[in-house]
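This is what each chain is made of:
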Amino acid sequence: QTPGSNYNVPKQVLTSVTASMITSTAMGIAFDGNDLYTSSDATIQRRDKTALTVLSTANISTSVIEDITLDEDYIYGVSREHRLLKIKKSDLSLLDSVGTSGTGNNNFDVPMGVANDSEYIYISDSRNGRLVKRKKSDLSYVSEVKFGRVPIGLDVDEDYIYIAVSTQSAPFSTFGPASPAIYKIRKSDLKIILTSVTWGGGSRFSRICVDSSYVYVGIGISDKHLGTIGRIYKDTLELADLWPIGT
């Protein structure tokens, strides 16, 4: 079925993983044709997509892995120890990493999101208030764009990067709620070409994913303790609809 402006889906949970099954803080999630990969605290887990049973686990980091993305052969993750990680999918072994705390080309300050395309990795360097572009081959620095605000979740399509940015100024002392927006950024030169309206009400955006027509964003509203999925048109960054998922 093709999504439209009145599109509604049955909110039926087919299979779930409870907190007791994970026994840690689940942060990042990504999948390929066969398996589901999650980052839970400092570990990476590979799960069966149907049954969600654990197939393999590896302790990769000394700190929480905030987000992961993957391609045919590798998993790329960002951790709270200010590092970008490159991990082999076949055995979940750490192949390479880069980063220490700081503001330079090879530094990060609490990176919160990561995405990739055929050649590059894109990182939300949150406390530094910037989006960083690096090569997948050797993790080397390519370029960046500074927001002066706090970027969190992001995803990419063929030509653009879509990133959730808080209106909280960077650097900042806490990850508290702040009125967020979504930026649409051209991949070739990291130019911001479109910005959504700023959301109020104590909202906070988290993770983002995109398909051919929409941006999907997780929205936390602190004063109501309500979790919502927002669906936003990619071409205009205007809201299509909202799906409440919890109280």
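Residues numbered from 1 in each chain as written. Predicted model: local features only at pLDDT ≥ 70, side-chain atom pairs only at ≥ 80, totals over all residues. Heavy atoms only, no water.

As for the overall build of the chain
Broken down by element type, the chain carries one helix and 22 strands. The burial tally for the chain puts 49% of its 247 residues in the buried class. Of all intrachain contacts in the chain linking residues separated by at least 6 positions in sequence, the fraction that spans at least 24 positions is 38%. When the accessible surface of the chain is totalled, it reaches about 11,800 Å², and 49% of it is carbon and sulfur. (Helix = DSSP H or I, 4+ residues; strand = E, 2+ residues; numbered from the N terminus. Buried < 20%, exposed > 50% of the residue type's maximum accessible area, 1.4 Å probe, protein only. Contact = heavy atoms within 4.5 Å. Areas by Shrake-Rupley, 256 points an atom, 1.4 Å probe, with all protein chains shown as cover.)

Brief notes about the pairing of strand β13 (residues 130–135)
Among the six residues that make up β13, five are buried, leaving the element largely enclosed by the rest of the structure. In this structure, strand β12 (residues 120–125) lies alongside β13, joined through six bridges in antiparallel fashion. The residue of β13 that forms the bridge with Tyr 122 is Lys 133. Hairpin connection from β12 to β13: four residues lie between these consecutive antiparallel strands, with Gly 129 at a positive phi of about 65°. Between β13 and strand β14 (residues 141–146), which pair antiparallel in sequence order, lie five residues; one of them, Leu 139, sits at a positive phi of approximately 65°. (Pairing = 2+ DSSP bridges.)

A look at the packing of aromatic side chains
Aromatic rings in a pair are described by how distant their centres are and how their planes are angled relative to each other. Overall, the coordinates contain five aromatic pairs when judged by the stated rule. With 5.3 Å between their ring centres and 65° between their planes, Phe 147 and Tyr 183 make a pair best called edge-to-face. With Phe 147 in the loop between β14 and β15 (149–156) and Tyr 183 in strand β17 (residues 180–186), the pair connects residues that are 36 residues apart, well separated along the chain. Of the two residues examined, Phe 147 and Tyr 183, each falls in the buried class. (Phe/Tyr/Trp six-rings, centres within 6.5 Å; stacked < 30°, edge-to-face > 60°.)

Focus on the side chain of Asn 107
With respect to the helices and strands, Asn 107 occurs in strand β10 (residues 107–108). When its relative accessible area of 18% is taken as the criterion, Asn 107 is described as buried. Within the structure, Asn 107 has its side chain in polar contact with the side chain of Thr 100 (distance 2.8 Å). In contact with Asn 107, other than residues within four places in its own chain, are Thr 100, Ser 101, Gly 102, Asp 125 and Arg 130. (Polar contact = N/O pair within 3.5 Å; in protein donor to acceptor, adjacent residues only side chain to side chain.)

Points about the sheet that holds strand β7 (residues 83–88)
Read across the sheet, four strands follow the order β5-β6-β7-β8 without closing on themselves; strand pairing throughout is antiparallel. Looking at which strands have only one partner, the edges of the open sheet turn out to be β5 (65–70) and β8 (94–98). Averaged over neighbouring strand pairs, the angle between their axes works out to 20° when direction is ignored. Where β7 meets β8, four bridges bridge the pair, whose relative direction is antiparallel. Of the residues in β8, the one forming a bridge with Lys 86 is Asp 96. (Axes fitted to C-alpha atoms, helices over the stretch in contact; angles between N-to-C directions.)

A short note on the environment of Ile 208
Tracing the backbone shows Ile 208 in strand β19 (residues 203–210). Taking the C-alpha atoms as reference, Ile 208 lies 7.2 Å from Ile 163; in sequence the two are 45 residues apart. What Ile 208 contacts, discounting residues up to four positions off in sequence, is Gly 153, Leu 154, Asp 155, Tyr 162, Ile 163, Ala 164, Ile 182, Val 215, Tyr 216 and Val 217.

So, the sheet that holds β12
Two modes of strand pairing occur in sheets, parallel and antiparallel, and in both the strands are linked by backbone hydrogen bonds. Spatially, the four strands line up as an open sheet ordered β11-β12-β13-β14, and their pairing is antiparallel. The open sheet has two free edges, formed respectively by β11 (111–116) and β14, since each of these has just one partner strand. The average angle at which neighbouring strand axes cross in this sheet is 20°, direction not considered.

Details of the confidence of the model for the chain
Put simply, the chain has an average pLDDT of 84, and 79% of its residues get 70 or more. Across residues 18–23, confidence stays below pLDDT 50; counting only partners more than four residues off in sequence or on other chains, it has five contacts. In this model, residues 173–177 is a region of pLDDT below 50 whose contacts with residues beyond four sequence positions or in other chains number 10 contacts. (pLDDT = per-residue confidence, 0-100.)

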